[in-house]
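Coordinates in review
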Amino acid sequence: MKVDPSGVTRAARLTALAALCLVTVVVLLPAAISVSTGGAVPGLFGEFGQWLWPAVGAMVLVAIGLAIWERVRGHETSNRTAALARVESRVKTLLAASLAAQTQIKLGVLKQPQLFLRVEGEEMASTDLEAIYDRLGHSMVVVGPVGSGRSTLLRELCLLLVEKARNDPEAPIPVVVDLATWRAYGTRKPTEFTAWLLREMNRRYGISRSAGTIWLRRERVAVLIDGLDEVPRVDREHCESELAPFASVVSSTEPIENLPSVYVEPLSRGQVLEYIASVSPRLDSLEAALTPEIWERLDSPLALNLLALTHLDKQVDTIGIDFVGSFVVERLSGQRGAGPTIRALKFLARLGRPDLGAPVHMPHRRAWLPLLPTRPLWLLFVRAVPSAYAGGACAVAFMTGLRLGAWAALVFVVAASSLLVLVNKLPHVFHPPGRAHGIVTAALGFIAGVVAGLLVGLVGLWLGGIGTPWPYFVAYVFVVVASFFLALGFVPGDAPVPWALLIAAAPGISMIWTGPYAVLSGMGIGFSAGVAGGIFAAAVGRVWRTVRPVQQQRMRLGRPWWVQPAVPVLGTVGLLGGLLLGGTGALGSWGGALGVALGLLVTPTAARDYVWPFDALAEVAAEGVTRPLSLGELSFRRKALLHLAQDRLLLTRVDGEYRFAHVALRDHLASCDPTALVRATRR
């Protein structure tokens, strides 16, 4: 009996994880708490009692590492028997989730019509795909139109090959992979087909990459490829050349050069009538309504299944030629959530997700932001963003005036308003005549800006107070050096050093009178506000670049959005509010005002797209800014809507992920008019 090395490794890993947790919770942690509360060090530890808490921390880190390893690599196997079991399990799950299998359950029939296959150049058709596969030398392409049952045949062949591999140790392990997830070029470089194939085998079947590499090299894997038609047309030829060395069977709507073609024959009238009779009496009225035009289209398992599900247990007088559209209308008729479900499905269908995916969690904004109408984008860029800037400036000015006085707050308002012009990433956007348009969005943006500004102000005050206990000389040198480096990022051009030295000299001279501590307190708020403002400007710019050019043109018809006086006016309001609540109305120190100006020098650096960590933070902020825009298409109730679509056979669920039941359903929903479709479901 062969032992799976990966299984032994996993058992050892889990044993170590359990032992670490047990020792930490039962021994180390109670002893450390006892010592911290004044108890005696247990004799077991002796002179090492002072290292109890570091030991607890180290054990926790090691346990976390083992847990992460288990989550990432724990599913892998390099054992042939385990790999065959996983292939069989997944393929059976895919078959059970298919529209054909769901139709069998709904209709109560035992099987679908038998599909006939004809090898190119031969006249006789056969139903034994495995025999054809063996006769053609384990290499062929199954050709047929969309809905002809190619994917089902591929999966059924895979199960037959799994049984053959179990009985014959020399037979290859069959795997079904979906080319919909392959692209000729990744984000930065061309996609290496072998690496993609190994990744898919690992992700779908848990086959470790090392074992997969060896098996592929020794031709111990039979690769059955589905989804070739999902590859973009421009990449099709390149994809066919890449898969040629690996593919055993390919499913396609077109023949492939150098591979023998096996054609799926259309259903005959006799097969259709036999299928209808097997469901009697639930489809008795369907046969009489079949016109010659309908018969021409009723030549595939998909068409037959859609027609049967649409007219099940109904009196049929006429049949529409749009089988997919009629099926969608029938499945959602009378459903309370039909409208939101249709909009959500259309949105998900247009995402172009690989593997027919209908995700619950939103993908990256590049996948869905160009699909939105112009109105939510206009509300974001013209109302929410300026209002958020104004709210943030108001809150920070309030905190500055409250703690540092009028001069520091005034410098912040003037400098922040000017820097906003400098880091602005949106050149022009449209302002309609109706000033009240989008007032609710503007109010929400302002409130969000105020909350964020208060948090930024608190962080700035904390940063400014860090240097309070420092010696005078250390604080003095820190301010000068920090000013120099901040100025380096602020001054444009190829020779910023002289200007940076000049800017750094200003606080060096001023601190002779003001002292370094007042400047440090101002620098904290200025730096915090500059980082936040620059990151937000960069985030807005990233979102703007994702918008389609035609939508950008619609929002570039007026004056620059930053000309609005809201930022300086509301900043002044915050300044006055801070002074009034401060109770003293003091002007404050010029040192604090100078520190605010110096801290704000970081703004252009934080707004750049190539400076770490600001670029990473800007990307996170950009995703956070855009997520609310999707609520018009995919509401908070998305899980309930997707569950309804699954219940109505529009979606299936495989490996915990929602998928469209068929590519024809996805394509129909992607191109439909949701308003007309909702109206049809209410008739």
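The model shown is predicted, which means the values in this text are computed figures rather than measured ones. (Residues numbered from 1 in each chain as written. Predicted model: local features only at pLDDT ≥ 70, side-chain atom pairs only at ≥ 80, totals over all residues. Heavy atoms only, no water.)

This part covers the packing of helix α18 (residues 439-466) against helix α21 (residues 516-546). Their axes nearest at 7 Å, the elements α18 and α21 cross at an angle of 140°. Here α18 lies oblique to α21, going by the angle between them. As α18 packs across α21, the resulting crossing turns out to be right-handed. Here α18 contributes Val456, Gly457, Val459, Gly460, Leu461, Leu463 and Gly464 to the contact with α21, which in turn contributes Leu520, Ser521, Gly524, Ile525, Phe527, Ser528, Ala529 and Ala532. (Axes fitted to C-alpha atoms, helices over the stretch in contact; angles between N-to-C directions. Helix = DSSP H or I, 4+ residues; strand = E, 2+ residues; numbered from the N terminus. Parallel < 35°, antiparallel > 145°, perpendicular 65-115°, else oblique. Left-handed = near helix turned anticlockwise from the far one by under 90°. Contact = heavy atoms within 4.5 Å.)

The next thing to look at is the pattern of salt bridges. As enumerated under the stated definition, the model contains 21 salt bridges in all. Across the pair lysine 92 and glutamate 88 runs a salt bridge whose closest N-O atoms are separated by 3.6 Å. One end of the pair, lysine 92, and the other, glutamate 88, are both in helix α3 (residues 80-97), 4 residues apart, so they sit about a helical turn from each other. Here arginine 627 ties to glutamate 623 by a salt bridge, and the two come within 3.0 Å at their closest N and O atoms. Residue classification places arginine 627 among the partly exposed positions, given a relative accessible area of 33%. A cluster of three or more residues bridged by salt bridges with shared partners is formed by Arg365, Arg542, Arg545, Asp609, Glu619, Glu623 and Arg627. (Salt bridge = Lys/Arg side-chain N within 4 Å of Asp/Glu carboxyl O. Buried < 20%, exposed > 50% of the residue type's maximum accessible area, 1.4 Å probe, protein only.)

On to the side chain of aspartate 226. Positionally, aspartate 226 belongs in strand β4 (residues 221-226). For aspartate 226, the side chain forms a polar contact with the side chain of serine 151, separated by 2.7 Å. Residues in contact with aspartate 226, not counting those within four places in the same chain, are Ser151, Leu154, Arg155, Val177, Asp178, Leu179 and Ser251. (Polar contact = N/O pair within 3.5 Å; in protein donor to acceptor, adjacent residues only side chain to side chain.)

Considering the arrangement of structural elements, one finds serine 252 in strand β5 (residues 247-252). For serine 252, a relative accessible area of 0% translates into the label buried. Separated by 110 residues in the primary sequence, serine 252 and valine 142 place their C-alpha atoms 6.2 Å from one another. Leaving out residues up to four positions away in the same chain, serine 252 has contacts with Val141, Val142, Val143, Gly144, Arg150, Leu228, Asp229 and Arg236.

Here we take up helix α27 (residues 638-647). Of all the residues in α27, the buried ones are Arg638, Leu641, Leu642, Leu644 and Ala645. Within α27, the buried residues cover an arc of 155° as seen down the axis, which keeps them to one side. Packed against the buried residues of α27 are α14 (338-350), β7 (651-654) and β8 (657-660). Backbone geometry just downstream of α27 places leucine 649 in the positive-phi region, at approximately 70°. (Arc of directions from axis to C-beta.)

Pairing is mixed in the open sheet, where 6 strands are placed in the order β1-β6-β2-β5-β4-β3. Strand pairing shows two members of the sheet lacking a second neighbour, β1 (117-119) and β3 (173-178), which therefore form its edges. The sheet shows a mean angle of 20° between the axes of neighbouring strands, taken without regard to direction. Note: strand β2 (residues 140-143) against β5, 4 bridges, orientation parallel. In the strand pairing of β5, methionine 140 is matched with valine 249. (Pairing = 2+ DSSP bridges.)

This brings us to the packing of aromatic side chains. Scanning the entire structure with this criterion turns up 11 aromatic pairs. Arranged with centres 5.3 Å apart and planes meeting at 45°, the rings of phenylalanine 193 and tryptophan 196 form a pair that is tilted. You can see phenylalanine 193 and its partner tryptophan 196 sitting in helix α7 (residues 193-205), 3 residues apart, about one turn around the helix. Judged by its relative accessible area of 2%, tryptophan 196 is buried. A centroid spacing of 6.4 Å and a plane angle of 20° characterise the contact between tyrosine 472 and tyrosine 476, whose relative ring orientation is stacked. Of this pair, tyrosine 472 and tyrosine 476 both sit in helix α19 (residues 472-490), separated by 4 residues, roughly a single helical turn. Overall, tyrosine 472 belongs to the partly exposed group, its relative accessible area being 43%. An aromatic cluster of at least three residues, connected via ring pairs, comprises Trp182, Phe193, Trp196 and Phe246. (Phe/Tyr/Trp six-rings, centres within 6.5 Å; stacked < 30°, edge-to-face > 60°.)

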